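Notes for the structure review
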2 protein chains.
Amino acid sequence: MNQIDRTLETPYYAVIFTSVRTAIDEGYVETAEKMVALASEQPGFLGVESVREKGGLGITVSYWKDKESIRNWKNHAVHQQAQQFGRDKWYRSYKIRVAKVEREYGHDI
Amino acid sequence: MNQIDRTLETPYYAVIFTSVRTAIDEGYVETAEKMVALASEQPGFLGVESVREKGGLGITVSYWKDKESIRNWKNHAVHQQAQQFGRDKWYRSYKIRVAKVEREYGHDI
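Residues numbered from 1 in each chain as written. Chains lettered and ligands numbered in written order. Predicted model: local features only at pLDDT ≥ 70, side-chain atom pairs only at ≥ 80, totals over all residues. Heavy atoms only, no water.

1. Description of the relation of the copies chain A and chain B
Mapping chain A onto chain B is achieved by rotating through 180° and translating by 0.0 Å along the same axis, at an RMSD of 0.0 Å. Taken together, the rotation and translation describe the operation of a two-fold axis. Counting the interface residues of chain A, we find that 100% of their copies in chain B are interface residues as well, pointing to one common contact surface. (Least-squares fit on C-alpha atoms with pLDDT ≥ 70 in both. Contact = heavy atoms within 4.5 Å.)

Right under this line is the structure:
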């Protein structure tokens, strides 16, 4: 991914997912891509920005209309399965922060 | 940076800074490092997580006690100068989102 999302008017919600990977790659990239595609189809999804340093920290921020949309995506059966694999295999550690975006501003050349 | 911050109890604030760089490197790394060090000394600073893909998207999330701390840091004279260089030289585009973290949870192996 190489773009900054054009999100909507505030307020909306951000889910900040910060993670450190294990050395286990099995199924990781395919699942990560599948989850982005599936999330994009969910009601209330506004966008996602994702960066990972090779072998290091990853930050994925997804944007959502409201907390209900976030809860529904968290509880989605296919996503639940991926979360389980994440805990069991792919992530050494992670943190998820749910935050209400109150203000945004930017700059383009 | 290669760690997930141990932030405090919610609520606190996150500043999500998403950016795409220009090809101009002059002074960038030094200033970026200086800004992280300087931010860390400011009242209300809780932590920072930062990742950039080579030649691609960068996401830096800094965490703050409250909006006043964020405003003070934004208006800090040395930081203001860096922001000006950022707009003039280093960033093709960026977006800043100020968000109130309402909930956090995580997992460690």
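2. Digging into the interface of chain A and chain B
At the interface, 49 residues of chain A touch 49 residues of chain B. Here chain A packs against chain B, burying approximately 4,300 Å² in sum over the two surfaces, 57% of which is carbon and sulfur. Viewed at the interface, chain B and chain A are joined by eight salt bridges. Across the pair Glu49 of chain B and Arg97 of chain A runs a salt bridge whose closest N-O atoms are separated by 3.2 Å. Taken together, chain A and chain B are joined by 25 residue pairs in polar contact (both at pLDDT 80 or more). Put simply, the parts of the chain that give the side of chain A that touches chain B at least two residues each are β1 (12-21), β2 (45-52), β3 (57-64), α2 (67-75) and β4 (91-108) of chain A. For the side of chain A that touches chain B, the element with the most residues is β4 of chain A, which contributes 18 residues. (Buried area = accessible area lost by both parts, 1.4 Å probe. Salt bridge = Lys/Arg side-chain N within 4 Å of Asp/Glu carboxyl O. Polar contact = N/O pair within 3.5 Å; in protein donor to acceptor, adjacent residues only side chain to side chain. Helix = DSSP H or I, 4+ residues; strand = E, 2+ residues; numbered from the N terminus.)

3. Let's talk about the environment of Ala77 of chain B
Residue and element names in this part refer to chain B. Looking at the element boundaries, Ala77 is found in helix α3 (residues 77-90). With relative accessibility at 60%, the residue Ala77 sits in the exposed group. In sequence terms Ala77 and Ile96 are 19 residues apart; their C-alpha atoms lie 19 Å from each other. (Buried < 20%, exposed > 50% of the residue type's maximum accessible area, 1.4 Å probe, protein only.)

4. Describing unusual backbone geometry
Along the chain, Thr10 of chain A connects to Pro11 of chain A via a cis peptide bond; the corresponding omega equals 0°. Counting through the fold element by element, Pro11 of chain A comes out in the segment before β1.

5. Looking at the sheet that holds β4 of chain A
The eight strands are arranged β2(A)-β3(A)-β1(A)-β4(A)-β4(B)-β1(B)-β3(B)-β2(B) in an open sheet whose pairing can be described as antiparallel. Since the sheet does not close on itself, it has two edges, and those belong to β2 of chain A together with β2 (45-52) of chain B, each with one partner. Neighbouring strand axes in the sheet, compared pairwise and without regard to direction, differ in orientation by 25° on average. Pairing of β2 of chain B with strand β3 (residues 57-64) of chain B, which is carried by seven bridges, proceeds in the antiparallel orientation. Residue Glu49 of chain B lies in a different strand from β3 of chain B, and its bridge partner there is Val61 of chain B. Here helix α1 (residues 28-40) of chain A sits on the sheet in contact with β1, β2, β3 and β4 of chain A, set at roughly 160° to β2 of chain A. (Pairing = 2+ DSSP bridges. Axes fitted to C-alpha atoms, helices over the stretch in contact; angles between N-to-C directions.)

6. Describing α3 of chain B
All names here are of chain B. Taking 1.5 Å as the rise per residue, α3 with 14 residues should run 20 Å; its terminal C-alpha atoms sit 19 Å apart, in good agreement. All buried positions along α3 are accounted for by His79, Ala82, Gln83, Gly86, Lys89 and Trp90. Summarising the axial view, the buried residues of α3 lie within an arc of 160°, below the 170-degree limit, and thus occupy one face. Exposed side of α3, more than 90 degrees from the buried face: Ala77 and Asp88 are the residues found there. (Expected span 1.5 Å × (residues − 1). Arc of directions from axis to C-beta.)

7. Examining the packing of aromatic side chains
Within the structure shown, the criterion is met by 18 aromatic pairs over all chains. Geometrically, the ring pair formed by Tyr28 of chain B and Trp90 of chain B is edge-to-face, given 5.9 Å between the ring centres and 65° between the ring planes. Here Tyr28 of chain B is found in helix α1 (residues 28-40), whereas its partner Trp90 of chain B is found in helix α3, with 62 residues between them in sequence. What makes Tyr28 of chain B buried here is its relative accessible area of 13%. One aromatic cluster is present, built from ring pairs that chain together Phe17, Tyr28, Phe85, Trp90, Tyr91 and Tyr94 of chain A. The ring of Tyr28 of chain A carries the charged tip of Arg21 of chain A above its face, separated from the ring centre by 3.7 Å. Over the ring of Phe85 of chain B we find Lys89 of chain B, and its NZ or CZ is 4.8 Å from the ring centre. (Phe/Tyr/Trp six-rings, centres within 6.5 Å; stacked < 30°, edge-to-face > 60°. Lys NZ or Arg CZ within 6 Å of the ring centre and 35° of its normal.)

8. Observations regarding the confidence of the model for chain A
On average, residues of chain A score 92 in pLDDT, and 94% of them are at 70 or above. Here β4 of chain A stands out as the least confident element of chain A, with mean pLDDT 93; α2 of chain A is the most confident, with 97. (pLDDT = per-residue confidence, 0-100.)

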